[in-house]
Structures are given as structure tokens and as C-alpha cells.
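Structural features, examined
For reference, the chains in residue letters:
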Amino acid sequence: MAKAYTPGLKVAARTTHRARRLLPISGEVRVSVGDMVVASDVVAETFMDGDITPMNMANRLSCPAGDVASLMLKQIGESVEQGAPIARSKGIFGAFKTEVVSDATGTIEQVSSVTGQLMLRGAPIPVQVRAYLAGKVVEVLPKEGCIIENEVMFVQGIFGIGGETEGVIRVACSDHEQTLEADLITSDMKGSVILGGARMTAAALRKAIEVGAAAVVSGGLDDQDLKELLGRDLGVAITGSEKIGITVIVTEGFGDIAMAARTWRLLAERAGRTASVNGATQIRAGVMRPEILVPLEPGENENEIDPTLAKEAGMLDLGTTVRVIRDPYFGLLGEVSALPTEPAVLGSGSRARVLEVRFPDGATAVVPRANVELIEG
Amino acid sequence: MHSDPDLPELDPDRIKVIVATDCGSTTTKAIMIEEVDGVYRQTFRGEAPTTVEEPFADVTVGVVNSVTELQELSGRQLIAEDGTIIRRTSTDDAVGCDIYISTSSAGGGLQMMVAGVVREMTAASAKRAALGAGAIVMDVIASNDKRRPHEQIQRIRELRPDMVLLSGGTDGGNSTQVVQLAELVAPAKPRPRFGGAYQLPIIYAGNTDARGEIERVFTAEDDATGGFDLSVVENLRPTMERENLGPARDCIHDVFLEHVMAHAPGYDKLIDWTNAPIMPTPGAVGDILQTIARTQGINAVGVDIGGATTDVFSVFDGTFNRTVSANLGMSYSISNVCAEAGMDQILRWVHLDMEERELRNRVKNKMIRPTTIPQSAEALVFEQAVAREALRLAYQQHKEFATTLKGVQQQRTVGDVFSQEVGGASIVDGMTLDLLVASGGVLSHAPKMQQTAMMLIDSFEPEGFTTLAKDSIFMMPHLGVLSSVHERAAMEVFDKDCLVVLGTCIAAKGQGKPGKPCFSYRMTGGTTANGDLAYGQLVVVPLGAGETAEVEVSPARGFDLGNGPGKPITRTAKGGPAGIILDARGRRLELPEDPQARREAVTRVVKATGMYDDLEVAPNGA
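In this report, we go over the structure that sits alongside the text. Note that the structure is a prediction, hence the values are computed from the model and not measured.

The rules behind each value
- Residues numbered from 1 in each chain as written.
- Chains lettered and ligands numbered in written order.
- Predicted model: local features only at pLDDT ≥ 70, side-chain atom pairs only at ≥ 80, totals over all residues.
- Heavy atoms only, no water.
- Contact = heavy atoms within 4.5 Å.
- Buried area = accessible area lost by both parts, 1.4 Å probe.
- Salt bridge = Lys/Arg side-chain N within 4 Å of Asp/Glu carboxyl O.
- Patch = residues over 30% accessible without salt bridge, like charges linked within 9 Å, V, L, I, M, F, W, Y side chains within 5 Å.
- Areas by Shrake-Rupley, 256 points an atom, 1.4 Å probe, with all protein chains shown as cover.
- Helix = DSSP H or I, 4+ residues; strand = E, 2+ residues; numbered from the N terminus.
- Buried < 20%, exposed > 50% of the residue type's maximum accessible area, 1.4 Å probe, protein only.
- Arc of directions from axis to C-beta.
- Pairing = 2+ DSSP bridges.
- Phe/Tyr/Trp six-rings, centres within 6.5 Å; stacked < 30°, edge-to-face > 60°.
- Lys NZ or Arg CZ within 6 Å of the ring centre and 35° of its normal.
- Axes fitted to C-alpha atoms, helices over the stretch in contact; angles between N-to-C directions.
- Disulfide = S-S within 2.5 Å.
- Core = buried A, V, L, I, M, F, W, Y, C linked by side-chain atoms within 4.5 Å.

**Section: the interface of chain B and chain A**
Taken together, the contact pairs 50 residues of chain B with 58 residues of chain A. Both faces combined, the contact of chain B with chain A buries some 4,600 Å², and carbon together with sulfur accounts for 50% of it. Among the residues chain B hides against chain A, the three largest losses belong to B:Arg360, B:Arg369 and B:Gln375. Together they make up 18% of the total. Where chain B touches chain A, the interface holds nine salt bridges.

Laid out in C-alpha cells, this is it:
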């Protein structure tokens, strides 16, 4: 058997998911092992050192750097308000004194006798980590955060924008091949996770933002529309921090492409349920894909056969369902009908290991193994 | 059987079998070099996935796997029962190697932040030192970088560097500003990416007079932050007129080994295995290029285009420079190339019909699925067009960076009125460039060598006589470390096995009108040919690999081929699969504005070089 170079994305009907919820710096964990949390609960929080505001006191007081400390009205460790006097020059014969007021509110942290520079530390910045996934706290990492576990339906997308959010799943398209147009989005979808079908149009995304939807999930998206949505051409696939008022998840790729039938069915069957969604994508070493998590009830989806379990994940074999992920057959689904071992010369003139795919209409094509991914279901 | 824990002394005369690995982010590549009939040759190669990430989290697993492949191919036992690399004690031993060396860029390589007082002077010198050592420079903080201090601090806080290089001030000069910089860096408390227990190394290479203050600033912050590890080295810009990058570069290498590598999984073991210090991959490539330029007395440029980044190395008149264009690459960064260059600029190199909206989607699909390869002729043509723009932008950045020192006082006389040169002029000169070496997937794996040659010519625009070559199997990193241990072996392998000469480009500098005379040529030796080229023309004269020809070229008025405008020149040109490429398209290379005329011009070049001959272009691209 051969290994597919590009493993398919994970689409699991039921799986045990563990969400690591960590603070960027050490702090306080607000939950204990065994606690049940909902997505919006704060599980850990801390305060980050406030921003630093440097002030060149020697310049402002027109004095040597070494004299600054003696002219300070407020000392290291003292709190000051923005606009409050913090230093005063001696002036000439006691007159013409220059008073320096604080540029910001904070605490004086340092006064340098070499450079005459003062460092003002602003108020600590609160940092909170929310649960994101409803479930049970199974582990507490002291001062760092916790791990939340739940049985979920788990769908990975290929690309997303926008960060973590949650909402009730609402189905907008009637099947996985329907394009998500603006007229399918209604005002009662506010706060929801909208399930599209194939490509989502720019107008549909604008409408979703307008009605205040939490997220949109659909099969494809035109790059031109993405550019319009972001207001810039996306250069590097590191996303998640966009502030466009919505989280968008593309499950299959760019262009006119239908969502995988099984992915669509699984999501559509969970209409009315709350999903946790994260559009953050990083396509670098340590790849990160966008995800949709739907917490399940006991027993739910247990009989759904996960096609990936039938054979070793990531392995290509005759009969394996694959999708071609590069032009000229981009997006087409088919079955592996031959796995020649010898490399073949492609239309581009390159030599590469290939396989033969049989499409549903019976036609076959030879494609590089690097250009297919496994489709789970 | 076990490996010898006490590594033998490195006596170059008894080094006959060498094993070298390069631990890349995704693949660990091993090569074996043996002395055959008194000459060093690269004999076998093996590769295996790099194992820095989970579940292995031990780089030596990938090293052993790749060396095991060498072992299987060569039939020579290299791996001991305890899983280490066997070092033989006598040259009569039929197992093991004499030395083992390695480079590494796994785990994202070496990521640095650089700070200097004046952006164009000490900060630029510091950046050169960091890049030359093989680092990725995440940001350059300078007193005059137009950011306000709190913005600089914010930026320092966001970055997670492996180390910081701080410079500023000439020796004996003003020390206030460099201390001020230290005062920004210290309280910003940059968090290293290896977590809390890691003491962030700070290398100070500035004004010697400020050392005491710098030490005070970083030790004062020590308790509050969990610590800095301060190293103090000689000033990298002791005077405005002189750069002294060696000590800072060496210190970066030491700190890289002691701190960064020691925190990467398995590297503690690997460090013990090697006979020479492990080098960051780009640092090693830079070393070999410098060795070649020095020993052959030439100017050379090397380029390595990867999926995410493009590295450009140059040696002109002995001065080495390296730049990394972080977001110019062919897979992860392909979308960024299109965004930076613009789709129009890319499509100007294409001689086939392509639809922009569709192409935009294809580019994004390549970005999100970076491992796919072009299947159709059309996809290949487009990918190579993108590569031209990525290379062009990366070379442009390199030329802007590789300059003479700025801030140098110049004495001028009346005679200099018409030839005033300012500090900061680029030292990269297409006319004096002798050798252009290509590496990286899109260049190395192009189905035809002519394609590689034309990608190089279109993006680097060499002038005069330039030998074009490619690194056969990306062996330059291995040879870079080897050159520090055994220079002769490195040079012999470089000439015989590493470098594949594609041919020679002979291009006229100057602009003219299409169809007007540009230059004439006469070739003797390996091939006999002569002719005239009109401006806008490109002619290829076949000359096989290993052959040379004496080429005499006579430029028309206003054109220069290396001997000054209008002056004839004769030089020896090397042959190769791409032959001798005579280029009269002008320098700068400008394609016609009119889309139809441009398409025709590009099509003529495609036909002249035969680079896309035999490609079947179906109407749907299949």
C-alpha cells in the first residue's frame, strides 16, 4: 500500500475531543477537575504586564541625565496619572522652572542615570481564556490552564478566517452542491453558524455579517471574494486574528467546489445544536486547520461508521475514495483504479509517482499521487 | 560494535570516508563522500523525514534513518548496534566513516531580533552579521526606524526570538543611544519560543565604552524576567569606515549551538556525534559560496528558492552578503508572491491563454495544499512565471541590502564632481558576476534545464558573460560544513558532483530599439558559429556539457558586454544542456508594453530556447 502525500482532513461523526485551553503567560486557573463548563465560561485568567511608555526626561527638563533622579517629584514604584506633574527643573534662581507631566497613567518603573530616560508601566492588561468547548474539565495545568474533554462531532476545514466563536447551526442551502447566495441568509440567523453548500459568494458573506451571524461554513470561496472581504490580498496563510465581524470556514478549497457530501450531511443533521467554531489557520510546519466542534449527547452518532476506521488512515489502496486537489481535475471525486509503481511523465514534463482515478462517470485520469487527498466518506 | 566515543583528531590526510547530513524542516538528507583514486567524490545519498516533531521528538532518529539508507545503498556499515554513527580508527577498517558532520534548519532554523542605533548604519551591519550567520531576522529595531518607542517595545514583546543581537555606536563614541536601546529591550521582556526556563541570549556587539552600562541594564532586569544570558563581543562597527562582523557571527554560532540547538529535541546527542560544530543550513551555504569565490577568484551569486522563503547569497570582490526573503516562496508563500508582484507582472512571462480569476483560485489552492505538483503544461508554465517574479523580488531585496557602508565620510576633489558615489550603493553588479548558482525545487526539479536557465536569466538579468549552474541535489550545505574541516574535499566534490553547469548567458547591457543592431558574435573551439543579434532577440548556440568555446562579441554603440560600451570582448564560455544563450533583449530587461507584442516576444524566446518543446497544451489545460 502507498501513503497519500496529502492526508485528508478529519471529519469524525463522533470522537473524544480534548481542548487545551492555555494562558499565554502564567496566571490563575478558575476551574477544577470534574467541573462542567459551557463554551462562554472563563476558565483561566491573568494580567499581563502593562504597556511601557518611555519618556526622555533629560531632554524635557533640559538637564544632564544624571540629574534626572534628583528632579523627580514621583519616585520609582509610585503610581501616576496621565497629566500629573512628575518632575520639575530647578530653573534659574528659582524661577522659570519646567514641569514635566506624565504622558500616561501607570507606575514609574525605572529612571536611567545614563540616558535620562524614564519608563512608565501602564496598568496590567487582563487576559482571559474561555472554555470554547462545552464539556468536562479533565485536567488542570496549574497556573497555565486546563484541558476540557467532550464527545463531539469534529469537522476540519481547509482554510478559515476569524477566530473562536460559537452559535447554533442553521442550514441555509438545501444540499451540499448548492451555492450559498445572499438571499438564503435571513435576519433570524443572527448569532448562528450558517451552513452553506458549495461556493459562498461575497454578497452572501456581506449579508451574513449584516445580520450578525457568528460564522459561515461552506465548500468553496473565490479568492477575488476573499480579497474583497478582507480589503487586501491575503499573502501568507496565517489567519485567525482578522476582525471582520464573522468567522468563515472553507471546507474544500478555492473556487466552485461542493462540500463533501458526508461533511454536509453530518453538519445538517445537527441543525439547531450549538457548535464551537474556530477559523484560525496556519499552513506552516505544525499545520493548524480551522475546525467545527459539536458536543454530542450520550449515544448520539454512535452507529455512524467512520470510513477512516475501515482501513489504516492515510493509506492509498485500490478502491479508496480520493479527491483531486490540483488542476486540471481540481475538486473531482473518484476511486483509485490503479497504482502503478513506476514514476510516469506528466503533461508538465516532470516525472512523478502517479495513480489512476476513476470518476463517477466512468472516465479515468492519471494524476500525481501528490495531487490527491483521501476523502473520508 | 559501537561507535568510538572519543572522536579521533581530524587529520585531513586520513579522512577518506565522510558522512554529512542536513536536517531540514521536513527532510533529513545524508550524503557520503569518499576518496576515489585520490579525488573526493560524492558517492551515495539517502533521505528520511526529519523527526524533530512528535511522536519522535528526536532529530537523531531521522539522521539514523537517512544514514541507514546510505548504508544500504553503499553496502558499508555506518550505524552501530547502539544506533550511533560508527567512526573508524584506521583507514583499513571496512566499516564506519572517518568524520561525520551536519547542518540544521529544523524547527524553523535560527530566529533572531536585531537592534542597532541607526537603521542604515549599525543596525544594517548587525542585520548583515545575523543573516550571514544563517539566521532569520524577525525584525530590526533602530532608534530612527520611525516607530515610536512604545511601538518598538510592543513589537519586541510580540516577537519570540531565539536570541537578540544588540549593536550601536562606534568605539569611543556616544554610548547614550545604545544604552537607551538596551533599556527598551530589557523591560519589554521578549519571551523566547522555547518557554520560561530558557534564558534569552543577548549578544552585545556595540560601543565598547557602553559595555558596563549594558551589563547593568540586563542584569538589573534579570530577577524580574527569569533572565537574560548576555554575551559581549567586539563592536561590529568599530568605526564608520569598517565593519567587523566576524566576532558577532562566531558568537551567534556558539549561542546557536549552546542554547537554541540544546533546546531542540535530540540535538544534545547530535552535537556529541559530529566532528565539527553543527551549522545553521544557510550559514553553511554561505561558507561554501565564499570558499568557491575565494579559491577561484570569481564573483558569485547563489539562490535557494523554497516553499516559504528565498535565500540569496552573493560574494562580490570578497564581500559576502546574504538575504532571506521571508515570504517569497513557491508553496506556503506563493500567494504572497502574487500579492506583492501583482498578477499582471506574473502573467507577462506567460505565452499561453490564462484566465486571472481561475488562476487566483489555483494560487490559493496551492497555498492551502502546498505539497501538490503541477500536472499540466499550463500549470508548469504558470508556476515558472511565479518563480521568475519571486526570484526577481528576492534579488531586488538583496541588491538593496548588499551595499557599501553607509555613513562613511568621503573626501572628494573637483575631479569627482561628475562621478560622485554615495555610501550605500549596491555592490551587486550584474556585469562582474561570473557564476550564478540555482537551488530549490522549482529550479532544481524543472523538467528541462533550459527552463532553469531562463528562469535565472529573466529574474537575475545577468550582464556580460555569466556561467549558469544548479546545485544537483542540494549538497551545498553539507559542503559548507565540510569546507571548515577539509577544504580540498569540499571543493573537489563541489566541482565534480555538486554543480551542474547549465550553460553560459551572454547579455548586452543597454537599451535600444527593437530590430536595431545590438551585438555580433563569433565562436571557436567547442563549437563554431557566428552571427548578428538585433535588439530584442535571443539566440541559443548549442554547446555540450564539459565543452568550452572562445566567444568574441562586438557590441553596437551604446551596448556593453563587459569591456565598456561599444568595445569588443573575447572570453571563454562553458557549455551545458542550455548551451550558450545570447541575449539581446536589453538590460534592464523590459518586455513590450503592448500585450500582443509582449506575448509574441515571450513566444519567440520560448521557441528559441526550446524550453517548452514537447509539452502538450490541451485546451482545458489537461
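**Overview of a nonpolar patch on the surface**
All names here are of chain A. Where nonpolar side chains cluster on the molecular surface, the patch consists of Ile 92, Phe 93 and Phe 96 and spans about 480 Å² of accessible area. Here Phe 93 is to be found in the loop between strand E8 (85–88) and strand E9 (99–101). Owing to a relative accessible area of 86%, Phe 93 belongs among the exposed residues under this scheme.

**Things to note about the environment of B:Leu257**
Residues and elements named next belong to chain B. Tracing the sequence through the fold places Leu 257 in helix H7 (residues 246–263). On the basis of relative accessibility, which here comes to 17%, the residue Leu 257 falls in the buried class. Separated by 23 residues in the primary sequence, Leu 257 and Pro 280 place their C-alpha atoms 9.3 Å from one another. If sequence neighbours within four positions are ignored, Leu 257 has contacts with Ala 262, Ile 271, Pro 277 and Ile 278.

**Quick notes on the pattern of salt bridges**
Taken as a whole and judged by the stated rule, the model has 59 salt bridges over all chains. B:Arg119 is the salt-bridge partner of B:Glu120, the closest N and O atoms lying 3.6 Å from each other. We classify B:Arg119 as partly exposed; its relative accessible area is 38%. Among the charged side chains, a network of salt bridges with common partners joins A:Arg326, A:Asp327, B:Glu358, B:Arg362, B:Lys366, B:Glu378 and B:Glu383.

**Focus: the environment of B:Val67**
Mapped onto the elements of the fold, B:Val67 is located in helix H1 (residues 59–74). Taking the C-alpha atoms as reference, B:Val67 lies 46 Å from B:Leu538; in sequence the two are 471 residues apart.

**Considering helix H3 (residues 149–158) of chain B**
Among the residues of H3(B), B:Gln152, B:Ile153, B:Ile156 and B:Arg157 are the ones counted as buried. Seen from one end, H3(B) has its buried residues packed into an arc of 140°, which puts them on one side. The elements touched by buried residues of H3(B) are strand E5 (42–48), strand E6 (52–56) and strand E11 (117–121) of chain A together with strand E5 (110–116), strand E6 (135–142) and helix H4 (176–188) of chain B.

**Focus on the pairing of strand E13 (residues 319–325) of chain B**
Residues and elements named next belong to chain B. The element E13 is extensively covered by neighbouring structure, given that six of its seven residues are classed as buried. Alignment of strand E12 (residues 310–316) against E13, held across seven bridges, turns out to be antiparallel. Bridging across to E13, Asp 311 finds its partner in Val 324. The turn linking E12 back onto E13 is made up of two residues, and Asp 317 within it adopts a positive phi angle of 50°.

**Observations concerning the packing of aromatic side chains**
Residue and element names in this part refer to chain B. Taken as a whole and assessed by the stated rule, the structure comprises five aromatic pairs over all chains. Plain terms: the ring middles of Phe 218 and Phe 228 are 5.2 Å apart, the flat faces sit at 75° to each other, and that makes the pair edge-to-face. Placement of Phe 218 in helix H5 (residues 211–220) and of Phe 228 in strand E9 (residues 228–232) is noted, with a sequence separation of 10 residues between them. Neither residue differs from the other here; Phe 218 and Phe 228 are each classed as buried. Ring geometry for Tyr 395 versus Phe 460: centroids 4.4 Å apart, planes at 50°, classification tilted. Of the two residues, Tyr 395 sits in helix H13 (residues 377–401) while Phe 460 sits in helix H15 (residues 449–460), which places them 65 residues apart along the sequence. Summarising the burial analysis for this pair, Tyr 395 and Phe 460 share the class buried. Residue placement shows Arg 128 over the ring face of Phe 401; its charged tip is 5.4 Å from the ring centre.

**Details of helix H10 (residues 334–341) of chain B**
Residues and elements named next belong to chain B. Most of H10 is tucked away, with six of its eight residues classed as buried. Of the positions making up H10, those classed as buried are Ile 334, Ser 335, Asn 336, Val 337, Cys 338 and Ala 341. Buried positions along H10 lie against helix H11 (343–347), helix H12 (356–368) and H13. With its phi angle positive at about 90°, Gly 342 sits one or two positions after the end of H10.

**Focus on the sheet that holds strand E4 (residues 99–104) of chain B**
All names here are of chain B. An order of E3-E2-E1-E4-E10 is seen for the five strands of this open sheet, with the pairing classed as mixed. Two strands in the sheet have a free side with no partner beyond their single neighbour: strand E3 (39–49) and strand E10 (279–280). Lying on the sheet, helix H16 (residues 476–485) is in contact with strand E1 (17–23), strand E2 (27–36), E4 and E10; it crosses E4 at an angle near 130°.

**Regarding the state of the cysteines**
All names here are of chain B. What the rule picks out here adds up to zero disulfides over all chains. The structure places no disulfide on Cys 498, whose sulfur is separated from the nearest cysteine sulfur, that of Cys 23, by 18 Å. Residue class for Cys 498 comes out buried when judged on its relative accessible area of 0%.

**Focus on the nonpolar core**
Of all hydrophobic cores here, the largest spans 91 residues; its most connected members are A:Phe159, B:Leu443 and B:Leu456. Ranked by residue count, the leading element in this core is H13(B), at 12 residues. For B:Leu443, the residues in contact, after removing those within four places along its chain, are B:Val303, B:Ile305, B:Leu391, B:Ala438, B:Thr452, B:Met455, B:Leu456 and B:Lys470. Core analysis: the next-biggest nonpolar cluster, separate from the first, contains 52 residues, B:Cys97, B:Ala106, B:Val140 and B:Val233 among them.

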